Amino acid sequence: MSLPQNLVRNGVSARSVTISMILIFAMCWWIAYSEIRTATTEITCTALPIGAIFSLALVCGLNALVKRRFPEKALIGAELAVIYVLVAVGSSVAGIGMVGFLFPAIANPLWYTNDRWSRFSDSVPAMWAPRSEAAVRNYYLGQSSLYQWEHIQAWIPPVLVWCGLLMLLVLGALCFTVLIRKQWIESERLNFPITYLPLALTVQPERLQGGLRNRALWIGIAIPVVLQSINNLNWLFPTMPLIPLKPTVNGPLDLGPAITTPPWNAVGYFPLAFHPNTIGLSFLLSTEVSFSSWFFHLVRKALEVYCTAAGYRAGGSSSASARMPYSQEQGVGAWICLALLALWAARKPLSSAFANAFRRSSSQAKSEGMPERLAVFGVLAAFGGAVAFAWWGGLPLISSALLFVVFGAYMLALTRIRAEVGTAWHFAPGITAPELVTRALGPMNFNLNSLAVLAYHSWYNVDYRSMTIPHLIEGYKIAHSGRIEPKRLTLALVAAIAFGLFCAAWAVLHLYYVYGASTAHVNPWRIRMGSGPFQTATAHLAESNVGPDIPGLFATAAGGLATIGMATSRNLLAKWPFHPAGYAVANTFITDLLWFPFFLGWLAKWLILRLGGMEAYRKALPFFLGLILGDYVIASLWTLVGLALGIDMYRCFPN
């Protein structure tokens with residue numbers, strides 16, 4: 001029995017969307033419970049989301065059983081691809097850096113009054129935080145219930161306000177994604193390594209070369225399954241052996257403590273790691289990208305040693321000198337210039353789209369996710385609405401605009417990095433968008449109200465590991481490969497985002513009212529992360545005579561110029577070995593954890609291509625995809641064991 005042609009093409013069927021929504025609800029609960037109650041693996045912390053891949057593998061397994069008995073009722077590859085895309089997008093909003101950080105960030109100033117943070121909450125609109133003392137007290141102490149009218153009434157305004165802002169930002173990014181989709185996917189043909197495994201499991205099974213009958217795939221799966229299971233059993237039964245895989249400070253894989261002689265000890269935290277999934281992901285990259293990712297990390301460490309040896313950090317050095325080599329600022333400059341380079345590369349389609357949007361009649365390709373005019377006005381409305389939101393809170397208009405210009409640049413750079421580097425994890429640059437605004441204009445130019453607004457906008461800027469925005473263009477890439485109609489996918493994406501926000505907000509609030517946000521029954525890290533912005537704002541209040549960070553701005557410009565220089569050299573020199581995206585990633589914290597797996601993946605691919613060519617690469621590909629799949633599935637299963645038993649488990653990722 002053949003399926004209707006429109007279903008084969010679209011994949012966005014009633015059953016694929018229904019299954020996705022059920023999985024989004026389950027995933028949001030799983031994410032909230034495991035990350036709040038137990039210290040298990042964070043299933044949204046990876047660029048290729050662990051939970052979404054696990055749910056896809058589960059659906060694929062069940063679908064295989066249905067296909068054997070009732071082939072006409074089985075899901076087709078395009079439907080499976082849609083399920084992955086919607087679950088990845090809809091569940092990402094529940095993770096760390098997203099709704100997982102929202103509630104502590106807006107409630108902490110009302111609870112930790114000894115730190116005088118209440119002055120910040122008093123400076124922003126009443127709707128930005130819960131104002132009921134009883135609702136806040138029960139939220140932090142627990143043994144209560146969300147389902148009391150006083151609690152619900154207190155949380156409705158801030159939930160609507162902040163989830164509305166997040167929805168606005170993501171929808172604006174969705175509109176911009178529609179505008180650059182063709183440039184990145186069809187014209188530049190970016191690699192999108194994050195999509196390799198989902199595509200192999202859904203619409204491009206040929207990448208697995210025989211699928212479940214491929215021996216290399218099963219060997220790749222078996223390696224992390226065995227290693228991670230041994231370490232989980234060691235967690236439960238300490239007499240079992242432990243096999244070091246992940247980097248920990250002063251742990252068995254940290255080389256830093258063994259380097260004690262000055263100036264070499266300036267290398268600091270210098271761990272190895274053997275994450276199978278990262279080795280697998282780095283194998284999917286071009287050798288130029290994977291080489292740059294670990295090479296520039298070593299360059300950064302070498303600069304730390306050099307600056308110490310040269311006396312820049314000696315006692316009595318100026319504050320500007322002691323900050324050498326300004327790695328965080330270099331990273332900021334690299335990220336901002338990556339965004340500018342992406343805009344420059346897409347200048348023709350973007351300028352054409354904006355010009356057409358203001359004409360009375362303009363044509364729109366049927367293959368796009370929404371009308372061109374709607375996409376353009378969506379971007380403008382999202383930016384204008386976000387700026388107006390911060391201005392409403394009391395931040396001056398210029399500072400509000402600068403805040404979202406920087407945030408937008410960071411998001412564009414992050415999306416571009418994932419499209420080319422596909423790093424297993426990604427952190428924001430070391431200086432967040434609100435902090436960069438403060439440093440660029442100088443703390444002396446911000447009053448209590450302005451610093452309060454910037455602090456309240458820090459919760460979605462401090463950690464980008466679960467950021468929803470990069471999943472959008474990866475979804476369109478999967479749709480392009482699976483011949484899925486973009487317009488129907490766009491509508492489904494909007495529904496997934498809205499439903500995910502609702503589920504995430506409910507799950508987090510419910511759990512905190514039951515267990516208490518400041519009790520020993522929850523993981524305290526999210527509460528601490530919600531306090532950081534107000535500690536920073538308190539410090540800036542004492543800097544009434546501190547102007548713009550001129551040395552930092554020069555270092556940011558230097559990082560930007562280095563990025564532009566590398567991009568120019570790539571265009572002029574055929575064998576130029578350095579990629580600017582690798583430089584940008586290397587100047588963030590994440591390469592401390594991942595540089596060695598990137599080196600191993602690069603080395604494996606370089607040797608295979610050198611010795612056996614593309615034929616050998618294609619034969620080896622299932623093994624490395626198996627490393628990713630096996631690592632994710634076994635980590636998810638052990639996380640579910642911890643959830644079922646209500647206990648902490650060994651954290652397979654990140655460290």
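Before reading on, note that the structure itself is shown above.
Bear in mind that the values here come from a model prediction, so they are computed numbers and not experimental data.

Asks: How do you make sense of the overall build of the protein when you look at a structure like this?
Replies: Regarding its fold elements, the protein presents 25 helices and 0 strands. For the protein, whose C-alpha radius of gyration is 24 Å, the value lies close to the compact-globule estimate of 26 Å for 655 residues. Along the first, second and third principal axes, the C-alpha set of the protein runs to 75 × 70 × 60 Å. Among the 655 residues that make up the protein, the fraction classed as buried is 58%. Considering only residue pairs separated by 6 or more positions, the protein has 81% of its internal contacts joining residues 24 or more positions apart. As displayed, the protein has an accessible area near 25,900 Å², and 65% of this comes from carbon and sulfur atoms. The average position of the 45 basic charges and that of the 28 acidic charges among the side chains of the protein differ by 9 Å.

Asks: Just checking my understanding: could you explain a nonpolar patch on the surface for this structure?
Replies: A contiguous nonpolar patch, built from Leu58, Leu62 and Leu65 and spanning about 310 Å² of accessible area, is present on the exposed surface. Note that Leu58 resides in helix H3 (residues 50-69). Given the relative accessible area of 45%, Leu58 is considered partly exposed.

Asks: Teacher, can you tell me more about empty space enclosed by the protein here?
Replies: Over the atoms rolls a probe the size of a water molecule, and in doing so it shows where empty space is left. One pass over the full model with this rule turns up 3 cavities of 30 Å³ or more. In terms of lining residues, the largest cavity is bounded by Tyr84, Val85, Ala88, Val89, Ile194, Thr195, Pro198, His471, Glu474, Gly475 and Ile478. Counting only elements with at least two residues in the lining of the largest cavity, the list comes to helix H4 (77-92) and helix H20 (469-481). Along the lines of polarity and charge, the residues of the lining of the largest cavity split into 7 nonpolar, 3 polar and 1 charged.

Asks: Honestly, the nonpolar core in this entry has me stumped. Any pointers?
Replies: The nonpolar side chains of soluble globular proteins are, as a tendency, buried together. Counting residues in each nonpolar core, the largest one holds 207 residues, and the members touching the most others are Phe103, Tyr139, Trp162 and Phe407. The element that contributes the greatest number of residues to this core is helix H8 (residues 149-187), accounting for 20 residues. Residues contacting Phe407, with those up to four places away along its chain left out, are Leu169, Ala433, Tyr460, Asn461, Tyr464, Met467 and Ile469.

Asks: Where do I start with the packing of aromatic side chains in this structure?
Replies: Aromatic rings in a pair are described by how distant their centres are and how their planes are angled relative to each other. Tallying each qualifying case throughout the model produces 51 aromatic pairs. Ring centres 5.7 Å apart and planes at 20 degrees place the aromatic pair Phe25 and Trp506 in the stacked group. Of this pair, Phe25 sits in helix H2 (residues 14-36) while Trp506 sits in helix H21 (residues 486-515); the two residues are 481 residues apart in sequence, bridging distant segments of the chain. Residue class for Trp506 comes out partly exposed when judged on its relative accessible area of 25%. Ring geometry for Phe291 against Trp294: centres 5.2 Å apart, planes inclined by 85 degrees, an arrangement best described as edge-to-face. Linking Phe291 with Trp294, this pair stays in helix H12 (residues 287-309), spanning 3 residues, or about one helical turn. Each member of the pair, Phe291 as well as Trp294, carries the same accessibility label: buried. The ring of Tyr650 carries the charged tip of Lys246 above its face, separated from the ring centre by 4.3 Å. The positively charged end of Arg416 is found above the aromatic ring belonging to Trp184, 5.0 Å away from the centroid.

Asks: I keep staring at the pattern of salt bridges and nothing clicks. Help me out?
Replies: Side chains bearing opposite charge may pair, as long as their charged atoms lie close to each other. Within the structure shown, the criterion is met by 20 salt bridges. Arg526 is paired through a salt bridge with Glu35; the nearest N and O atoms lie 3.3 Å apart. Linking Arg526 in helix H22 (residues 525-541) with Glu35 in helix H2, this pair joins segments that are 491 residues apart in sequence. Across the pair, exposure class does not vary: Arg526 and Glu35 are buried alike. When the shortest N-O distance is used, the salt bridge between Glu368 and Arg181 registers 3.1 Å.

Asks: What should I look at first to understand unusual backbone geometry in this one?
Replies: Excluding glycine, residues mostly have negative phi values, and the peptide bonds linking residues are mostly trans. Residue Pro263 is bonded to the preceding Pro262 through a cis peptide linkage, with omega at -5 degrees. Along the chain, the position of Pro263 falls in the loop between helix H10 (215-236) and helix H11 (276-283). Cis rather than trans, the peptide bond between Met324 and Pro325 has omega equal to 5 degrees. In this fold, Pro325 is placed in the loop between helix H13 (319-322) and helix H14 (327-345). In the Ramachandran plot, Tyr326 falls in the positive-phi region, its phi being about 60 degrees despite a non-glycine side chain. Within the secondary structure, Tyr326 is located in the loop between H13 and H14.

Asks: Is there a simple way to explain the environment of Thr308 in this structure?
Replies: Position of Thr308 among the secondary structure elements: in helix H12. For Thr308, a relative accessible area of 27% corresponds to the partly exposed category. With residues near it in sequence (within four places) discarded, Thr308 still touches Pro263, Ala266 and Arg313. Among the polar contacts listed, one links the side chain of Thr308 to the backbone oxygen of Glu304, at a separation of 3.0 Å.

Asks: Help me out: how do you make sense of helix H17 (residues 397-420) in this one?
Replies: Over its 24 residues, H17 extends 35 Å from the first C-alpha to the last, a length consistent with the 34 Å expected when each residue adds 1.5 Å. Within H17, 18 of the 24 residues are buried, leaving the element largely enclosed by the surrounding structure. Looking one or two residues past H17, Gly422 carries a phi angle of roughly 60 degrees, positive in sign.

Asks: Even after reading the chapter, I still don't get the packing of H20 against H21, so can you show me in this structure?
Replies: Axes are the key here: two packed helices are described by the angle between their axes and the distance separating the axes. Remark: H20 packs on H21, axes separated minimally by 11 Å, with the N-to-C direction vectors making an angle of 145 degrees. Where H20 crosses over H21, the two elements pack in a sense that is right-handed. For the pair formed by H20 and H21, the contact residues are Leu472, Gly475, Tyr476 and Ala479 on the first element and Pro486, Leu489, Thr490, Leu493 and Ile497 on the second. Among the residues making up the contact of H20 with H21, the classes are represented as 7 nonpolar, 2 polar and no charged.

Asks: Help me understand the state of the cysteines in this model?
Replies: Should the sulfur atoms of two cysteines be covalently bonded, the bond is a disulfide. Enumeration according to the criterion identifies 0 disulfides in this entry. Between Cys163, a free cysteine, and Cys28, which holds the nearest cysteine sulfur, the sulfur-to-sulfur gap is 11 Å.

Asks: I tried to follow the packing of H10 against helix H25 (residues 590-645) on my own but got confused; where do I start?
Replies: Where H10 meets H25, the axes come as close as 6 Å, and the angle between the chain directions of the two elements is 30 degrees. One finds that H10 runs roughly parallel with respect to H25. Crossing angle aside, the handedness with which H10 passes H25 is right-handed. For the contact of H10 with H25, the class distribution of residues is 15 nonpolar, 6 polar and 2 charged.

The rules behind each value
Residues numbered from 1 in each chain as written. Predicted model: local features only at pLDDT ≥ 70, side-chain atom pairs only at ≥ 80, totals over all residues. Heavy atoms only, no water. Helix = DSSP H or I, 4+ residues; strand = E, 2+ residues; numbered from the N terminus. Rg over C-alpha atoms; globule rule 2.2 N^0.38 Å. Buried < 20%, exposed > 50% of the residue type's maximum accessible area, 1.4 Å probe, protein only. Contact = heavy atoms within 4.5 Å. Areas by Shrake-Rupley, 256 points an atom, 1.4 Å probe, with all protein chains shown as cover. Lys, Arg positive; Asp, Glu negative; His and termini not counted. Charge placed at Lys NZ, Arg CZ, Asp CG, Glu CD. Patch = residues over 30% accessible without salt bridge, like charges linked within 9 Å, V, L, I, M, F, W, Y side chains within 5 Å. Salt bridge = Lys/Arg side-chain N within 4 Å of Asp/Glu carboxyl O. 1 Å grid on protein atoms, 1.4 Å probe; cavity = no way out; pocket = protein on both sides within 12 Å on 5 of 7 lines; lining within 4 Å. Points joined across faces, edges and corners; volume = space filled by probe spheres on them. Nonpolar A, V, L, I, M, F, W, Y, C, P; charged D, E, K, R; others polar. Core = buried A, V, L, I, M, F, W, Y, C linked by side-chain atoms within 4.5 Å. Phe/Tyr/Trp six-rings, centres within 6.5 Å; stacked < 30°, edge-to-face > 60°. Lys NZ or Arg CZ within 6 Å of the ring centre and 35° of its normal. Polar contact = N/O pair within 3.5 Å; in protein donor to acceptor, adjacent residues only side chain to side chain. Expected span 1.5 Å × (residues − 1). Axes fitted to C-alpha atoms, helices over the stretch in contact; angles between N-to-C directions. Left-handed = near helix turned anticlockwise from the far one by under 90°. Disulfide = S-S within 2.5 Å. Parallel < 35°, antiparallel > 145°, perpendicular 65-115°, else oblique.

Function cannot be read off these values alone, since they describe shape.
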